[in-house]
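# Fold and geometry: a report
So you can see what is in the structure, the chains are spelled out below.
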Amino acid sequence: MANLWISRHFIDEIITDIEKYAPLETGGTFFGYFADNGDVVVTDLIDAGPDAKRGRYSFEPDQDYQLAEIERLFILSNGKTTYLGDWHSHPNGSPSLSRKDEKTLLNIALSTEARCTHPVMVVIGSDPEEWSFNCVKFVHGKRKIWPFYSCHYENLYLIVD
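Let us look at the structure shown here. (Residues numbered from 1 in each chain as written. Predicted model: local features only at pLDDT ≥ 70, side-chain atom pairs only at ≥ 80, totals over all residues. Heavy atoms only, no water.)

For helix 3 (residues 99-110), built from twelve residues, the straight-helix expectation of 16 Å at 1.5 Å per residue is met to within 8% by its first-to-last C-alpha distance of 16 Å. On its buried face, helix 3 sits against strand 6 (82-90), strand 7 (120-126), strand 8 (131-143) and strand 9 (149-155). (Helix = DSSP H or I, 4+ residues; strand = E, 2+ residues; numbered from the N terminus. Expected span 1.5 Å × (residues − 1). Contact = heavy atoms within 4.5 Å.)

Next comes the structure, spelled out in structure tokens:
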């Protein structure tokens, strides 16, 4: 099983954001690199942005803001780090991926603009006081005649350093 490496500081930022917007869903974007051994290393977080839409059972980031931040970080790193995927919360719920989450993961992987064929998705749930993280990385899938699709992903082991 591959690992998702993330700093304690970023975990604290994520939890702070979740608690700020609870009981609404919130989220953000991971930036970093995929190691040769399959591990995922987070070097930066991008928040949801000023025009993000948060709902009780849905979350939509401010895409223009996030794309600008992704471009800024990519240029700043001279192309050594890149978009890795996203995280979002399921307040008072399970960290399991919903069908909508799976479809989003598939759409990211199949998007030529995202340039991320194996995106990561982290869902943070609470029950309601203890946060639990579900970390996955897209492996393969395809779109089929609506509303069908296949989305296969592997679990990642979360390592907080």
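If you check helix 1 (residues 8-21), its first and last C-alpha atoms are 20 Å apart, about what 14 residues at 1.5 Å a residue would give, namely 20 Å. When helix 1 is considered as a whole, its buried residues turn out to be Phe10, Ile11, Ile14, Ile15, Asp17 and Ile18. For helix 1, the angular spread of buried residues about the axis comes to 160°, placing them on one side. Exposed and facing more than 90 degrees away from the buried side of helix 1 are His9, Thr16 and Lys20. (Buried < 20%, exposed > 50% of the residue type's maximum accessible area, 1.4 Å probe, protein only. Arc of directions from axis to C-beta.)

Turning to the pattern of salt bridges, a few remarks are in order. Inspection of every chain in the model, using the stated rule, returns three salt bridges. A salt bridge links Glu69 to Arg72; the shortest N-O distance between them is 2.9 Å. Within this pair, Glu69 and its partner Arg72 are both found in helix 2 (residues 63-76), separated by three residues, close to a single helical turn. For Glu69, a relative accessible area of 19% translates into the label buried. What makes Arg72 partly exposed here is its relative accessible area of 42%. (Salt bridge = Lys/Arg side-chain N within 4 Å of Asp/Glu carboxyl O.)

What follows concerns the side chain of His88. If you trace the backbone, His88 turns up in strand 6. Once residues within four sequence positions are removed from consideration, His88 is found in contact with Glu25, Thr26, Gly27, Phe59, Asp101, Met121, Val122, Val123 and Ile124.

Moving on, we come to the nonpolar core. Within the largest apolar cluster, 19 residues are counted, with the highest numbers of intra-cluster contacts made by Leu4, Ile14, Phe30, Val42, Trp87 and Val122. Of all the secondary-structure elements, those providing two or more residues to this core are strand 1 (3-6), helix 1, strand 3 (40-47), strand 6 and strand 7. Ranked by residue count, the leading element in this core is helix 1, at five residues. The contact partners of Val122, leaving out residues within four places of it in the chain, are Leu4, Phe30, Asp86, Trp87, His88, Phe133, Asn134 and Cys135. Counting residues in hydrophobic clusters, the runner-up holds ten residues, among them Leu97, Leu105, Val123 and Phe138. (Core = buried A, V, L, I, M, F, W, Y, C linked by side-chain atoms within 4.5 Å.)

Considering the arrangement of structural elements, one finds Asp161 in the segment after strand 10 (157-160). By relative accessible area, which is 57% here, Asp161 ends up exposed. Once the C-alpha coordinates of Asp161 and Lys80 are considered, the two residues, 81 residues apart in sequence, prove to be 21 Å apart. Discounting residues that sit within four places of it in the chain, Asp161 has contacts with Trp5, Ile6, Ser7 and Arg8.

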